[in-house]
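# Report on the structure
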Amino acid sequence: MSDLTDDDVRAILREHRDGGCISRLYATGEIEEDTVPALGVLTSELDEAGRHEEAEQVGDVIQYALDAGERPPVAGWVARV
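First things first, this report covers the structure right here in the doc. Here the structure is a predicted model, which is why all the values come from computation and not from measurement.

## Digging into the packing of aromatic side chains
All told, the structure shown has zero aromatic pairs when counted by the stated rule. Looking at R10, its charged tip hangs above the ring of W77, at a distance of 5.3 Å from the centre.

Laid out in structure tokens, this is it:
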């Protein structure tokens, strides 16, 4: 089970918004079937760029998304901590 808060997820994803499912998770908390694969690609890209700590943090977001499961946008997402 992930120990990340919703605020942690937003902080980790802030600079990795992609205009797609990662951006929707960042902005609304929505998790869809493509979210985890997109986060996996991001993790690989960060690792390849030598940004290992960021890749590990995105890996934590993957676990958060797996724990939460698919869900629609979350009411009050930006106010949650």
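## A few points about the packing of helix 1 (residues 6-13) against helix 4 (residues 52-68)
Between helix 1 and helix 4, the least distance of the axes is 10 Å, while the angle of their chain directions is 140 degrees. Here helix 1 is positioned oblique relative to helix 4, judged by the angle of their axes. Read as a crossing pair, helix 1 and helix 4 show a hand that is left-handed. Residues D6, V9, I12 and L13 of helix 1 form the contact with helix 4, whose own contacting residues are Q57, V58, V61 and Y64. By residue class, the composition of the contact of helix 1 with helix 4 is six nonpolar, one polar and one charged.

## What to know about the environment of P72
With respect to the helices, strands and loops of the structure, P72 is situated in the segment after helix 4. Note on P72: relative accessible area 58%, which makes it exposed. Expressed as a C-alpha distance, the spacing of P72 and T28, which sit 44 residues apart in the sequence, is 8.5 Å. Residues within four places of P72 in sequence aside, it is in contact with G29 and E30.

## So, a negative patch on the surface
On the surface, a cluster of negative charge is made up of D3, E53, E56 and D60. Summarising the element assignment, D3 is placed in the segment before helix 1.

## A closer look at helix 4
Between its first and last C-alpha, helix 4 extends 24 Å over 17 residues, near the 24 Å set by a 1.5 Å rise per residue. For helix 4, the set of buried residues is A55, V58, V61, I62, Y64 and A65. Buried residues along helix 4 cover an arc of 160 degrees about the axis, so they all sit on one side. Opposite the buried face of helix 4, at more than 90 degrees from it, the exposed residues are E53, E56 and L66. Looking at the buried positions of helix 4, the neighbouring elements they touch are helix 1, helix 2 (21-28) and helix 3 (35-48). At the C-terminal side of helix 4, G69 shows a positive phi close to 75 degrees.

Each value, and the rule that gives it
- Residues numbered from 1 in each chain as written.
- Predicted model: local features only at pLDDT ≥ 70, side-chain atom pairs only at ≥ 80, totals over all residues.
- Heavy atoms only, no water.
- Phe/Tyr/Trp six-rings, centres within 6.5 Å; stacked < 30°, edge-to-face > 60°.
- Lys NZ or Arg CZ within 6 Å of the ring centre and 35° of its normal.
- Axes fitted to C-alpha atoms, helices over the stretch in contact; angles between N-to-C directions.
- Helix = DSSP H or I, 4+ residues; strand = E, 2+ residues; numbered from the N terminus.
- Parallel < 35°, antiparallel > 145°, perpendicular 65-115°, else oblique.
- Left-handed = near helix turned anticlockwise from the far one by under 90°.
- Contact = heavy atoms within 4.5 Å.
- Nonpolar A, V, L, I, M, F, W, Y, C, P; charged D, E, K, R; others polar.
- Buried < 20%, exposed > 50% of the residue type's maximum accessible area, 1.4 Å probe, protein only.
- Patch = residues over 30% accessible without salt bridge, like charges linked within 9 Å, V, L, I, M, F, W, Y side chains within 5 Å.
- Areas by Shrake-Rupley, 256 points an atom, 1.4 Å probe, with all protein chains shown as cover.
- Salt bridge = Lys/Arg side-chain N within 4 Å of Asp/Glu carboxyl O.
- Lys, Arg positive; Asp, Glu negative; His and termini not counted.
- Charge placed at Lys NZ, Arg CZ, Asp CG, Glu CD.
- Expected span 1.5 Å × (residues − 1).
- Arc of directions from axis to C-beta.

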